[in-house]
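Here's the letter readout for the chains.
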Amino acid sequence: MAYITGASMINIDRHYDKSIRRLASDAVFKLDSSSVENVDYVIVASSISYLQEPQLDLASYIASALGLRNARAFNVEAGEVSGATAVLMAKSLVDSRLASKVLVVGVDKLSNYPSAVTYKHISLLNDSESESLYSIGLGGIAGILMRLYMETYKVDRLTLAYWPALMHSNAKLNPYAMLRFTITPEKVLDAMPIADPITLLDTFPIGDGAAALVVESKPRDALAEIVAVESAVGYPSITLSPDPLRIDSLELAYSRLTEKLDLKRIDVIELHDSYTISAILQLESLRLAERGKAAEAVANGYFTVNGDGPVVNPSGGLKARGHPIGATSVYQVAEVASQIAGIFPGLKVPDAKSGLVVSVNGFGSNSYVVYLRGVE
Amino acid sequence: MLSKSPPVVWRSRIYRYRLIGCKCKNCGRVHYPPASACPYCSSRDLEEVELPRVGKVLSYSIVYAVDSDARERSPVILGLIDLGVTRIIAEITDANPEDIKIGSQLEAVFRRIGEDGETGVIIYGLKFRPVI
Ligand SMILES: [Zn+2]
């Protein structure tokens, strides 16, 4: 059994004044100092930093910078699912008794270069043997998927704008979120087009971030239990997927989870809304809405605190909390664990006892689900 | 695009100059670009095949946030193109955004697709244009 006994985050922003090591220590030093005593392993999840602030064997240098000279350390790089992969590694070390305490640090740097260069770095999340060769960024693929969705299910653009509006509304209360202002759905349509039908307000802001988790074998003072982590690889490109509007890898990862566990209810979900269309397709892959109906459910408030569904992305999501690529799913796990413990400092999900984190690389080359539950 | 080493550009030339994909001898399905095993059935028994050079638009996006080396041709139209045997994502050229509709017929043309600012390597490959 693996438990989260500590979780911390820093605000996501363009931290021009902070190095990758400083971002990591800012997050870790927000934990009680006793909680990082006798750490057996430090696992560092990072991705874009390897292109923007190159440091090989980053984890050992971060462990030293944190003063954890007696720890063991290694890196996990898996694009946008780096953080969830690190959580799987932490749980595996604890479950196998190779460790009794593991520190997971998700940290990433996206602001060392101008946005145009950063978008090129981010485009490497795509298959470099096809899409990256043609300089096709994530935005173009998201635009293709959004138009295909609108045409296939006859959903209008305005209905699809309720998602970013909801994310901004949620983020306003989250002290760690990068974009803490509200927007209307109409404003999404009026924003600058980046990959028509997608506008600037359909996607995440560029920011740096760091979040930390302490994973232990003992439930004492735990925020939540990591009940299971599942994942699956998918097609490298939407061109190969039999139905590009289905995220095969997420459907498979989630079915692997539900086969193992009886998920009677999920109170809170943090999913991977790199684009509006990503959120919509993920909600449908998790069967929280019928295919073609998720945008309407979002617009009707189904995923809000007052709605009938689970509360989705009370943090504000990638859209408004922000998306420091390799660190993002560590934020998501920290947020869901804090919700379950009743200590999330933003929009609270009342009486949350269980939660799910969904992490996806690109548009489904790799998907992770992390299921957390309260400790009795 | 990030700096592309000349060997990387040279190695991938055939697949950019000609539409070469792989057909699986086990399940019969075609994929592009060529992989070492079939993405559908895992068979390693594959043969290279030339893909059709005409297809139709399944979906598209008009991309304004383009790389610095493509800025003078912004916006770029990107299409998800159905070649019948498989699909491809490629740039649509010689067309205005308002000319492109879902279902539009396209054909492959050889074009310069980019230049590496640092190494000066000019990259050629295929784009698609409306069938006149
Ligand atoms: Zn096959």
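For the structure, check the block above.
Thresholds applied
Residues numbered from 1 in each chain as written. Chains lettered and ligands numbered in written order. Predicted model: local features only at pLDDT ≥ 70, side-chain atom pairs only at ≥ 80, totals over all residues. Heavy atoms only, no water. Buried < 20%, exposed > 50% of the residue type's maximum accessible area, 1.4 Å probe, protein only. Helix = DSSP H or I, 4+ residues; strand = E, 2+ residues; numbered from the N terminus. Salt bridge = Lys/Arg side-chain N within 4 Å of Asp/Glu carboxyl O. Donors = N, O, S within 2.8 Å, 3.2 Å for Na, K, Ca; no water. Tetrahedral: all angles 85-135°; square planar, octahedral: opposite > 155°, others 65-115°. Pairing = 2+ DSSP bridges. 1 Å grid on protein atoms, 1.4 Å probe; cavity = no way out; pocket = protein on both sides within 12 Å on 5 of 7 lines; lining within 4 Å. Points joined across faces, edges and corners; volume = space filled by probe spheres on them. Polar contact = N/O pair within 3.5 Å; in protein donor to acceptor, adjacent residues only side chain to side chain. Contact = heavy atoms within 4.5 Å. Buried area = accessible area lost by both parts, 1.4 Å probe. Nonpolar A, V, L, I, M, F, W, Y, C, P; charged D, E, K, R; others polar. Phe/Tyr/Trp six-rings, centres within 6.5 Å; stacked < 30°, edge-to-face > 60°. Lys NZ or Arg CZ within 6 Å of the ring centre and 35° of its normal.

Student: What is the right way to look at helix α10 (residues 276-285) of chain A in this model?
Tutor: Residue pairs three or four apart in sequence face the same way in an α-helix, which turns once every 3.6 residues. Residues and elements named next belong to chain A. When you tally the buried positions in α10, you get 10 out of 10 residues, the bulk of the element. Here α10 has its buried residues at Thr276, Ile277, Ser278, Ala279, Ile280, Leu281, Gln282, Leu283, Glu284 and Ser285. A positive phi of about 60° marks Arg287, the residue just after α10.

Student: Is there a simple way to think about the pattern of salt bridges in this case?
Tutor: It is possible for side chains of opposite charge to pair when their charged atoms get near one another. Enumeration over the complete set of coordinates arrives at 22 salt bridges over all chains. Arg246 of chain A is the partner of Glu251 of chain A in a salt bridge, and the nearest nitrogen-oxygen pair spans 2.7 Å. Overall, Arg246 of chain A belongs to the partly exposed group, its relative accessible area being 31%. For Asp45 of chain B, the salt bridge goes to Lys25 of chain B, with nearest N and O atoms at 4.0 Å. A residue pair is termed long-range when its members are at least 10 positions apart, and Asp45 of chain B in the loop between β2 (30-31) and β3 (46-50) and Lys25 of chain B in the loop between β1 (20-24) and β2 qualify at 20 residues. Members of the salt-bridge network, linked through shared partners, are Asp94, Glu107, Arg111 and Arg129 of chain B.

Student: Would you mind going over the coordination of the zinc ion with me for this structure?
Tutor: Under ideal tetrahedral coordination, the four donors around a metal are separated by 109.5 degrees; under ideal octahedral coordination, the six donors are separated by 90 or 180 degrees. All names here are of chain B. Donor atoms from the polypeptide that coordinate the zinc ion comprise Cys24 (SG), Cys27 (SG), Cys38 (SG) and Cys41 (SG), at 2.3 to 2.4 Å from the metal. One way to put it: the four donor atoms around the zinc ion meet at angles of 99 to 117°, and that makes the site tetrahedral. Spacing between the donor residues of the zinc ion along their common chain follows C-x2-C-x10-C-x2-C. For Cys24, a relative accessible area of 2% translates into the label buried.

Student: Explanation requested: the sheet that holds β1 of chain B in the structure shown.
Tutor: Picture the strands of a sheet paired through backbone hydrogen bonds; they go either parallel or antiparallel. Strand order in this open sheet of three strands is β2-β1-β3 (chain B), and the pairing throughout is antiparallel. Each edge of the open sheet is held by one strand with a lone partner, namely β2 and β3 of chain B.

Student: I would appreciate a short explanation of empty space enclosed by the protein in the present structure.
Tutor: With a probe scaled to a water molecule rolled over the atoms, the places where space remains empty come into view. Residues and elements named next belong to chain A. One pass over the full model with this rule turns up one cavity of 30 Å³ or more. Contributing to the lining of the largest cavity are Leu145, Ile247, Ser278, Leu281, Gln282, Val360, Gly362 and Phe363. Ranked by the residues each element gives to the lining of the largest cavity, the list is headed by α10, at three residues.

Student: In this structure, what is going on with the pairing of strand β4 (residues 54-63) of chain B? I would like to understand it.
Tutor: Residues in a regular strand project their side chains so that they alternate between the two faces of the sheet. The element β4 of chain B is extensively covered by neighbouring structure, given that seven of its 10 residues are classed as buried. One ladder, built from two bridges, connects strand β5 (residues 193-196) of chain A with β4 of chain B; its direction is antiparallel. Of the residues in β4 of chain B, the one forming a bridge with Ala195 of chain A is Val63 of chain B. When β4 of chain B meets strand β7 (residues 105-115) of chain B, the two strands line up antiparallel, connected through three bridges. Considered in β7 of chain B, the bridge of Gly55 of chain B is made with Leu106 of chain B. Where β4 of chain B lies against strand β5 (residues 76-82) of chain B, seven bridges are found, and the strand directions are antiparallel. Opposite Ser61 of chain B, over in β5 of chain B, you have Leu78 of chain B as the bridge partner.

Student: Before we go on, may I ask you to explain the side chain of His121 of chain A in this structure?
Tutor: Residues and elements named next belong to chain A. Looking at where His121 falls in the secondary structure, it is placed in helix α5 (residues 115-123). Looking at His121, the relative accessible area reads 6%, which means it is buried. One polar contact links His121 to Gln52, side chain to side chain, over a distance of 3.1 Å.

Student: What's the story with the environment of Arg14 of chain A in this structure? I'm lost.
Tutor: Residues and elements named next belong to chain A. Looking at where Arg14 falls in the secondary structure, it is placed in the loop between β1 (2-9) and α1 (20-28). With 35 residues separating them along the chain, Arg14 and Ser49 place their C-alpha atoms 13 Å apart. In this structure Arg14 touches Ser111, Ser115, Met178, Ile206 and Asp208, once residues within four positions along its chain are discounted. Within the structure, Arg14 has its side chain in polar contact with the backbone oxygen of Ile206 (distance 3.4 Å).

Student: How should I be thinking about the interface of chain B and chain A in this particular structure?
Tutor: By a widely used convention, the size of an interface equals the accessible area lost when the partners come together. Counting residues at the interface gives 31 residues for chain B and 30 residues for chain A. Interface of chain B and chain A: buried area, both sides summed, is about 2,800 Å²; carbon and sulfur atoms make up 64% of it. Our count for the contact surface shared by chain B and chain A stands at zero salt bridges. For the pair chain B and chain A, the interface holds 12 residue pairs in polar contact (both at pLDDT 80 or more). Secondary-structure elements contributing two or more residues to the side of chain B that touches chain A are β4, β5 and β6 (87-92) of chain B. Along the lines of polarity and charge, the residues of the side of chain B that touches chain A split into 19 nonpolar, seven polar and five charged.

Student: Would you explain the packing of aromatic side chains in this entry?
Tutor: Each pair of aromatic rings is reported with the distance of its centres and the angle of its planes. With the rule as written, the count across this model stands at eight aromatic pairs over all chains. Ring centres of Tyr41 of chain A and Phe74 of chain A lie 6.0 Å apart, and the angle between their planes is 75°; on these two criteria the pair is classed as edge-to-face. Of this pair, Tyr41 of chain A sits in strand β2 (residues 41-45) while Phe74 of chain A sits in strand β3 (residues 72-76), placing them 33 residues apart in sequence. A relative accessible area of 17% places Tyr41 of chain A in the buried class. By relative accessible area, which is 25% here, Phe74 of chain A ends up partly exposed. Aromatic pair Tyr235 of chain A and Tyr40 of chain B: ring centres 5.6 Å apart, planes at 45°, arrangement tilted. Of the two residues, Tyr235 of chain A is situated in the loop between β8 (224-233) and α9 (248-260) and Tyr40 of chain B in the loop between β2 and β3; the pairing between them involves two chains. An aromatic cluster is present here, built from Phe204, Tyr275 and Phe363 of chain A joined pairwise through their rings. Positioned over the ring face of Tyr60 of chain B is Arg147 of chain A, at 4.0 Å from the centre of the ring. The ring centre of Tyr40 of chain B lies 3.8 Å from the NZ or CZ of Arg29 of chain B, which sits over that ring.

By themselves, these figures tell us nothing about what the structure is for.
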